[in-house]
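Residues per chain, in single letters:
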Amino acid sequence: MAYIQGEPRNQTSLFPTSIEDLVPEDHLVRVIDAYIARLDLQMLGFDKARPKATGRPPYNPADLLKLYVYGYFFQIRSSRRLEAECQRNVEVMWLLNRLTPDFKTIADFRRDNGIAFAATCRAFVQFCRTAGLVKGDLVAIDGSKFKAVASNRRYVSSKHLKRDLEKLDQRIARYLSTLDEMDQEDGADEINRTAVKAALANLQSRRIDNLTSQALMETMGITQMVCGEDEARMTRAPQGTFIGYNVQSAVDAEHGLVVHHDVVQDSDDRRQLAPMAIATAQVLEQPTLTVTADAGYSNGEHFQACDEVGITAIVPINRGNRAAGGTAPLAQDDFKYDPETDTYECPAGQTLTLTQLNKGTRIYHAQATACGSCALKGACTKAQRRGLKRHVHEPAFERMAKRLKAHPEMMGRRRSIVEHPFGNLKQWALGTGRFLLRQMQGARTEMALAVTSYNLKRAFNILGARRLLEVIA
Ligand code: SF4
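All figures in this text were calculated on a predicted structure; none of them were measured in a lab. (Residues numbered from 1 in each chain as written. Predicted model: local features only at pLDDT ≥ 70, side-chain atom pairs only at ≥ 80, totals over all residues. Heavy atoms only, no water.)

**Looking at the overall build of the protein chain**
When helices and strands are counted, the protein chain shows 18 helices and 13 strands. Its C-alpha radius of gyration of 31 Å places the protein chain more than 25% over the 23 Å reference for a compact globule of 473 residues. Along the longest, intermediate and shortest principal axes, the C-alpha atoms of the protein chain span 105 × 85 × 65 Å. The burial tally for the protein chain puts 44% of its 473 residues in the buried class. (Helix = DSSP H or I, 4+ residues; strand = E, 2+ residues; numbered from the N terminus. Rg over C-alpha atoms; globule rule 2.2 N^0.38 Å. Buried < 20%, exposed > 50% of the residue type's maximum accessible area, 1.4 Å probe, protein only.)

Okay, structure coming up:
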């Protein structure tokens, strides 16, 4: 029996097939094309959005933007691979009207339009809002660490430099004493002496480099630096320690769309709740907003800041052990605070008064004599007297505790809202979760493109191509 046969390669046709015939009516590229056609690229800040009257015509930024949105959608991020796609991929040929920009033009466009990509990402969020895909009732905030373009070997810190300097000094001292011993020996081998001197010179040059780096970092007021990627920071993540950036996202609960994101150097999420929540409320143009995040965002100052601007944050409280007198089974909640007298009353009826103020923490202690004769002391403290810490924003913690009690389901909801976008952004849009572009601006550019593609994918999956095209029109 014969095999299924294709069409002969040299077959001609009376009515040749056009590229238009090869792209289905409901294909994603038609959505990308229609959406980017309606954008005001000049207002978004794209370079060459208005062509000059003279000189060689440039590529239309709309075409290059379409190429990048398509590329990030299909995990094609490198400019050389995008160049290749322009020459062999029928969908890209359709999207770009068979234009074939070279990789340098493609790479330069991404490098020069970072701010415009961020504006495009925001514009798509606004489009989703008008299309009814974003409700803004509940937003979950989460952070994830993405690798920068640098290996751990490029990392230096003041601590490491000081430790290396100590080791270098010890080795230099050892070589100097070896040379002294050789000088005292009459028949010392000249070859060995030359080798020791060369090793010593090498160590002394490394010592000078070390001292120069320390002085430079001190002048710049920094304690850590990554050579070649000086804005990235050493970050800790479940997969280990690496050089990277902390990507923050605010995800709308309705359809899992990322309504706001940011790339920050600080790897600690504890300082991100208020800035992310306030920026999200601005994007959504809402006076009030409910946000949720995990315990890594627990911070009294940020709880207070959210309360002050009308944002309802629901975040598990993570405060560690608050007893100033050591670990104790009697928890702080067993002590009653009196705001009028600014004192605590312990379960034994004794009063704990304010004894110390330390960087926004108020410390209260009971009388040592009272604790010494107390029947509950074994369960209360191992110290001479029981102490308690009260945060300067304690009322904000108390309000948070009440909200958590009223919404026990919120943590489960938070997980289901944020896990999908981050999993997708890391594995789908950014491949291995590593940026291709250097520095914060490069990382921000890539995230803006990845988030735009992710949101486009969500909108495409939710509405379908035909409905999305209708909304865009
Ligand atoms: S040990 Fe001190 S603080 Fe603790 S219950 Fe007894 S009196 Fe109160």
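So much for the structure itself; the text now carries on.
**Observations concerning unusual backbone geometry**
One non-glycine residue, Glu285, lies in positive phi territory at about 50°. Mapped onto the elements, Glu285 comes out in the loop between α11 (273-283) and β7 (289-292). Given a relative accessible area of 59%, Glu285 falls into the exposed group. The residue Asp342 is not glycine, and still its phi comes out positive at about 55°. By the element assignment, Asp342 lies in the loop between β9 (336-338) and β10 (343-345). A relative accessible area of 17% places Asp342 in the buried class.

**Digging into the packing of helix α12 (residues 300-308) against helix α15 (residues 394-406)**
Running from amino to carboxyl end, α12 crosses α15 at an angle of 75°, the nearest separation of the two axes being 8 Å. On the basis of their axis angle, the class for α12 and α15 is roughly perpendicular. Where α12 abuts α15, its residues Gly300, Phe303, Gln304 and Asp307 lie against Ala396, Phe397, Arg399, Met400 and Arg403. Residues of the contact of α12 with α15, tallied by class, amount to 4 nonpolar, 2 polar and 3 charged. (Axes fitted to C-alpha atoms, helices over the stretch in contact; angles between N-to-C directions. Parallel < 35°, antiparallel > 145°, perpendicular 65-115°, else oblique. Contact = heavy atoms within 4.5 Å. Nonpolar A, V, L, I, M, F, W, Y, C, P; charged D, E, K, R; others polar.)

**Let's talk about helix α2 (residues 28-37)**
Most of α2 is tucked away, with 7 of its 10 residues classed as buried. Residues of α2 that are buried: Leu28, Val29, Arg30, Val31, Ile32, Tyr35 and Ile36.

**Structural notes on the site of the ligand**
For the ligand, the full set of nearby residues is Cys346, Ala348, Gln350, Ala366, Cys371, Cys374, Lys377, Cys380 and Arg386. Each residue belonging to the shell around the ligand can be placed in one class, and the counts come to 6 nonpolar, 1 polar and 2 charged. (Near = heavy atom within 4 Å.)

**Re the pattern of salt bridges**
If you walk through the whole model with that rule in mind, you get 22 salt bridges. A salt bridge links Arg111 to Asp112, with the nearest nitrogen and oxygen atoms 2.9 Å apart. Residue classification places Arg111 among the exposed residues on the basis of a relative accessible area of 56%. Here Glu398 and Arg390 are joined by a salt bridge, their closest N and O atoms 3.6 Å apart. On the basis of relative accessible area, Glu398 is assigned to the partly exposed category, the value being 39%. Beyond isolated ion pairs, a larger network of salt bridges with shared partners links Lys104, Asp108, Arg111 and Asp112. (Salt bridge = Lys/Arg side-chain N within 4 Å of Asp/Glu carboxyl O.)

**Here's the deal with the pairing of strand β1 (residues 138-147)**
The element β1 is extensively covered by neighbouring structure, given that 9 of its 10 residues are classed as buried. In terms of strand pairing, β1 meets β7 through 3 bridges, oriented parallel. Counterpart to Val139 in the pairing with β7 is Val291. Judged from the 9 bridges that link them, β1 and strand β5 (residues 240-252) form a sheet pairing that is antiparallel. Of the residues in β5, the one forming a bridge with Val139 is Asp252. (Pairing = 2+ DSSP bridges.)

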